[in-house]
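# Tertiary structure, described
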Amino acid sequence: LNEHLLVELISEESYNSVKQEKIRYYLKDTLALKKIGGVIKFGKLNLVDKENVRLSEKYLFLGYFDMVNQYLIQGIYKDSTDFKMVDKKTGQILNSFVSYPFFSENAKFTAIMKSTINEGTLFEIYSYRNGFYKNIIKAHFKNWISFEEHERAFWGKDGSFYLSVINKSESDVDSKN
């Protein structure tokens with residue numbers, strides 16, 4: 001991990017300066033696919049909402065990332081959520097991430113992170129090869145938490161990934177005083 005990931009604390013001023021030129025790919029065609037009768041169809045693939053006592057599945061079409069030619073679908077389940085990347089041509093699910101994917105400028109990398117108060121932050125970077133994203137870095141930061149990742153996480157023009165976090169142990173101390 002030390003050879004592939006550099007974690008660097010920067011000032012709020014530096015973070016805000018880099019954030020001014022952040023790279024962010026937004027979803028397109030957010031209304032292109034409609035759910036009909038609880039079903040989203042992609043060629044032969046059907047994602048069907050299900051609701052009963054033991055099982056809960058709901059799918060939301062979020063949009064289309066043109067740089068990788070894939071749709072983004074959020075799956076919401078009884079105890080979890082995921083984000084599926086579906087090939088626009090074939091309807092095949094190519095990747096599934098635990099949180100929203102953030103693409104680098106050339107779309108060769110995507111970063112994901114998921115924070116919970118009890119668990120800290122899971123951080124992963126994936127590399128794009130042959131139409132799929134392959135996990136190359138997975139790290140868990142037990143004392144760091146990020147809220148509103150969608151607004152506080154981004155790739156910079158320098159190729160670095162930026163994420164605003166708080167130290168969980170410091171916030172626990174502050175809340176006790």
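Residues numbered from 1 in each chain as written. Predicted model: local features only at pLDDT ≥ 70, side-chain atom pairs only at ≥ 80, totals over all residues. Heavy atoms only, no water.

## Notes on the overall build of the chain
As a reminder, the rule being used: Think of it this way: any DSSP run of H or I at least four residues long counts as a helix, any run of E at least two long counts as a strand, and we number them from the N terminus. Exposed residues in this analysis have more than 50% of their type's maximum accessible area, buried residues have under 20%, and partly exposed residues fall in between, with area computed by a 1.4 Å probe over protein chains only. The contact rule is simple, with two residues in contact once any of their heavy atoms fall within 4.5 Å. Residue exposure ignores everything except the shown protein chains as possible cover, and the areas themselves are Shrake-Rupley values with a 1.4 Å probe.
A count of helices and strands for the chain gives three helices and 15 strands. In the chain, which comprises 177 residues, the proportion classed as buried is 38%. Once local pairs closer than 6 in sequence are excluded, the contacts in the chain between residues at least 24 apart make up 41%. Only carbon and sulfur atoms are counted for the fraction: they give 50% of the accessible area of the chain, which is about 11,300 Å².

## A few points about the sheet that holds strand 8 (residues 102–103)
Note on sheets: strands pair through backbone hydrogen bonds, and any given pair is parallel or antiparallel. Applicable threshold: At least two DSSP bridges between two strands are needed for those strands to be called paired.
Read across the open sheet, the four strands follow the order 8-9-10-11; overall the sheet is antiparallel. In the strand order of this sheet, the two ends are held by strand 8 and strand 11 (132–141), each with one partner. Across eight bridges, the pairing between strand 9 (residues 109–116) and strand 10 (residues 120–129) is antiparallel. Its bridge partner lying in strand 10, A111 is registered against I125.

## Topic: unusual backbone geometry
The residue N69 is not glycine, and still its phi comes out positive at about 55°. Relative to the helices and strands, N69 resides in the loop between strand 4 (56–65) and strand 5 (70–77). Of the residues examined, N69 reaches a relative accessible area of 23% and is grouped as partly exposed. Unlike most non-glycine residues, A107 shows phi in positive territory, near 65°. Position of A107 among the secondary structure elements: in the loop between strand 8 and strand 9.

## A word on the nonpolar core
Nonpolar side chains in soluble globular proteins generally cluster together in the buried interior. For clarity, the cut-off: Put simply, a nonpolar core is a bunch of buried Ala, Val, Leu, Ile, Met, Phe, Trp, Tyr and Cys residues held in one set by side-chain atoms that sit within 4.5 Å of each other.
In this structure, F65, V68, M85, F102, F123, Y133 and F161 are the most contacted members of the largest nonpolar core, which totals 25 residues. Broken down by secondary-structure element, the contributors of at least two residues to this core are strand 6 (81–87), strand 8, strand 9, strand 10, strand 11 and strand 13 (153–155). The element best represented in this core is strand 11, accounting for four residues. In this structure V68 touches M85, F103, A107, Y128 and Y133, once residues within four positions along its chain are discounted.

## As for a nonpolar patch on the surface
Basically, it comes down to this: Exposure above 30% relative accessible area and the absence of a salt bridge qualify a residue for a patch, where like charges join within 9 Å and nonpolar side chains (Val, Leu, Ile, Met, Phe, Trp, Tyr) within 5 Å. Throughout this description, the term salt bridge denotes a Lys or Arg side-chain nitrogen within 4 Å of a carboxyl oxygen of Asp or Glu.
Judged by side-chain polarity, V7, W144 and V165 come together as a nonpolar surface patch covering roughly 220 Å² of accessible area. Among the structural elements, V7 can be located in the segment before helix 1 (12–19).

## With respect to the confidence of the model for the chain
Filter applied, for reference: The pLDDT value tells you how sure the predictor is about a given residue, anywhere from 0 up to 100.
This prediction gives the chain a mean pLDDT of 84; 90% of its residues lie at or above 70. Every residue in residues 173–177 scores below 50 in pLDDT, and together they form zero contacts with partners more than four places removed in sequence or on other chains.

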